[in-house]
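An overview of the molecular structure
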Amino acid sequence: MGTMPNFLSRNIALAAAALLLAVPALAQEKVLNLYSSRHYQTDEALYSGFSKATGIKINRIEGGEDALIERVRNEGERSPADVLITVDAGRLWRAEQLGMFQPVKSPVLDSRIPASLREPGGLWFGFSTRARLIAYNKAKVKPGEIQTYEELADPKWKGRVCMRSSTNIYNLSLLGALIDHLGEEKAQAWAKGVRANLAVEPKGGDSDQLKAVAAGECDVTVSNQYYYARLLRSQKPDEKQAGERIGIVFPNQKTWGTHVNISGAGVLKHAPNREAAVRFLEYLASDEAQRYFADGNNEWPAVPSVKIDNPVLSQLGDFKRDTLNVSVLGKNQPNSQKIYDRVAWK
Ligand SMILES: [Fe+2]
C-alpha cells in the first residue's frame, strides 16, 4: 500500500464506506403508500415521474372517496397509508375531523400553493382546482340571463332548476361558501328558494344534471366544469351533442367570484414513510406534476404560474375566483347540512 498515491487510497476507502452504507439501503427499498380516489390516465406519468426523480416506489391503493377515508379510519395506528388524495375540501375536512392528518411545514408548498387553497395548519393542500358553474339550455335561456348563484332562488326560475341531492359534498361545500358570504339566514332563504324552483326531485350526479338540462327537462343547473368538459370531449355523439346544447356561466363575477374547490392531499398521521410523503406533496406542486394532475380531470392547476393546454378550459377562458379559504367550506359543512335538511331539499 506504501506505493499507492494518497488520493487513490482515500478514494478506495470512501468507495468501501459507500458500499457498506448502500447495503442496508438496498435491503430496505424506499416506498410511498398512496391512497387515492383518482384514477386518470395521466396519473401513470405523474407517479413514474416521481419515482424517476426520487427513486421512491409508489404503492397505490385506489378506491372511492368515502371508502378510502373509512379504510384509513379502520386501519388506525397500523395503517400503512402515507398520503391520502381525494376531492373536495369538504371531504378533506371530514378526514381532518377524524384526526387523520399530521401537519406539514414545507416552504415549497407554502410558496407554490396559494394560501386560500390549503388548510392553514398544513394538514392538507389543494393541487388542482374545480369551479362550480351554472349551466343552462341555450335554446331556453339567453346569455347573461342568469349570472349569480343567488338568482337560482329567484321565483323566475320556478319549475326550471335541476339540482343533485343535498348529501352531495359539492353542494354542501357550495352552501358552505354561501353561508360565509351571505350569512346563515340568507343562505337558508337561498336554499329554500332553490328547492321551490326544482323541476324534478334531486337525483343523480353532475353529469345527470347537465344531461337533463340538454334534454330540456330543466333549464338551469350547477355543475363542476370537468363534467361539462367531459361531455364536449366525449367520443359518444349523443354526449357531445348534449354538451353543445349547454351554455356556461362563471357565477358571481361582479361580487365574490365563482365558487372553487380542490382536489387535494395530506400526509397521514401514522405515515410510516413521512419523509417520502412530504417529498411527494412537494412533487405534486412542481410544474410537471401540476400539468398532469390538473389535465387528467380537466381541472386547473393550483399553482397559478402553471398553464395547461386543455381545449375546453381554454375556450372557457379566465374568470374571477372566490378567494375564501377552502377550509371554511368544511367548517361550515354541519351548518350546510342543517340548512338543507330544514328546507327539505333531500
Ligand atoms: Fe366529481
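Residues numbered from 1 in each chain as written. Predicted model: local features only at pLDDT ≥ 70, side-chain atom pairs only at ≥ 80, totals over all residues. Heavy atoms only, no water.

**Describing the side chain of S327**
- Relative to the elements of secondary structure, S327 occurs in helix α14 (residues 327-331).
- Using a relative accessible area of 3% as the deciding quantity, one classes S327 as buried.
- Setting aside chain neighbours within four positions, we find S327 in contact with W93, P120 and W124. (Helix = DSSP H or I, 4+ residues; strand = E, 2+ residues; numbered from the N terminus. Buried < 20%, exposed > 50% of the residue type's maximum accessible area, 1.4 Å probe, protein only. Contact = heavy atoms within 4.5 Å.)

**Describing the state of the cysteines**
- Scanning all chains against the criterion turns up 1 disulfide.
- Here C162 is linked by a disulfide to C218, with a sulfur-sulfur distance of 2.1 Å. Looking along the S-S bond of the C162-C218 disulfide, the torsion reads about -105 degrees, which is the left-handed sense. Of this pair, C162 sits in the loop between β4 (125-137) and α6 (169-182) while C218 sits in the loop between α8 (206-214) and β5 (220-224), placing them 56 residues apart in sequence. (Disulfide = S-S within 2.5 Å.)

**With respect to the coordination of the iron ion**
- Coordination of the iron ion by the protein comes from Y170 (OH), Y226 (OH) and Y227 (OH), over a distance range of 2.0 to 2.1 Å.
- The sequence pattern formed by the donor residues of the iron ion is Y-x55-Y-Y. Taken as a pair, Y170 in helix α6 and Y227 in helix α9 (residues 225-232) lie far apart in primary sequence, 57 residues in all. (Donors = N, O, S within 2.8 Å, 3.2 Å for Na, K, Ca; no water.)

**Describing empty space enclosed by the protein**
- On inspection of all chains with the given rule, the structure shows 1 cavity of 30 Å³ or more.
- D88, R130, A131, R132, Y170, N224, H259, V260 and N261 are the residues that line the largest cavity.
- Secondary structure elements with two or more residues in the lining of the largest cavity: β4 and β7 (260-267).
- Residue contributions to the lining of the largest cavity peak at 3 residues, all from β4. (1 Å grid on protein atoms, 1.4 Å probe; cavity = no way out; pocket = protein on both sides within 12 Å on 5 of 7 lines; lining within 4 Å. Points joined across faces, edges and corners; volume = space filled by probe spheres on them.)

**Thoughts on the layout of surface pockets**
- Of the voids in this model, the largest pocket is the one considered here, and its volume is about 490 Å³.
- For the largest pocket, the lining is made up of 22 residues, of which W300, P301, K307, D318 and R321 are closest to its centre.
- Split by residue class, the lining of the largest pocket holds 12 nonpolar, 6 polar and 4 charged.
- Every residue lining the second largest pocket is counted, 10 residues in all, and those nearest its centre are E29, K30, V31, N273 and A276.
- Of the residues forming the lining of the second largest pocket, the biggest block, 4 residues, is contributed by helix α11 (residues 274-284).
- Looking at the lining of the second largest pocket residue by residue, the classes come out as 3 nonpolar, 2 polar and 5 charged. (Nonpolar A, V, L, I, M, F, W, Y, C, P; charged D, E, K, R; others polar.)

**Side note on the packing of α6 against helix α7 (residues 184-197)**
- The N-to-C vectors of α6 and α7 enclose an angle of 135 degrees; their axes lie 7 Å apart at closest approach. With respect to their mutual orientation, α6 and α7 come out oblique. Of the two elements, α6 crosses α7, and the hand of that crossing is right-handed. The segment α6 lies against α7, with L174, L175, L178, I179 and L182 engaging E184, K186, A187 and W190.
- Across the contact of α6 with α7, the residue classes tally to 7 nonpolar, no polar and 2 charged. (Axes fitted to C-alpha atoms, helices over the stretch in contact; angles between N-to-C directions. Parallel < 35°, antiparallel > 145°, perpendicular 65-115°, else oblique. Left-handed = near helix turned anticlockwise from the far one by under 90°.)

**Here we look at the environment of R195**
- Within the element layout of this structure, R195 appears in helix α7.
- On a C-alpha basis, the gap between R195 and V260 in space is 22 Å, while along the polypeptide they are 65 residues apart.
- Setting aside residues up to four positions removed in sequence, R195 forms contacts with E201, V343, A344, W345 and K346.
- A polar contact of 3.2 Å, which involves the side chain of R195, links it to the side chain of E201. (Polar contact = N/O pair within 3.5 Å; in protein donor to acceptor, adjacent residues only side chain to side chain.)

**Quick word on the nonpolar core**
- Core analysis: the biggest nonpolar cluster contains 55 residues, and L152, M163, L175, W190, V194, V220 and I246 have the highest contact counts within it.
- Tallying contributions element by element places α6 first for this core, with 7 residues.
- Residues contacting M163, with those up to four places away along its chain left out, are L152, N171, V194, L198, P202, K203, Q209, T221, V222 and W345. (Core = buried A, V, L, I, M, F, W, Y, C linked by side-chain atoms within 4.5 Å.)

**Topic: the packing of α7 against helix α15 (residues 333-342)**
- Viewed as axis vectors pointing N to C, α7 and α15 meet at an angle of 45 degrees, and their least axial separation amounts to 9 Å. One finds that α7 runs oblique with respect to α15. Crossing angle aside, the handedness with which α7 passes α15 is right-handed. Residues E184, A187, Q188, W190 and A191 of α7 touch α15, and the partners they reach there are N335, I339, Y340 and R342.
- The class makeup of the residues in the contact of α7 with α15 is 5 nonpolar, 2 polar and 2 charged.

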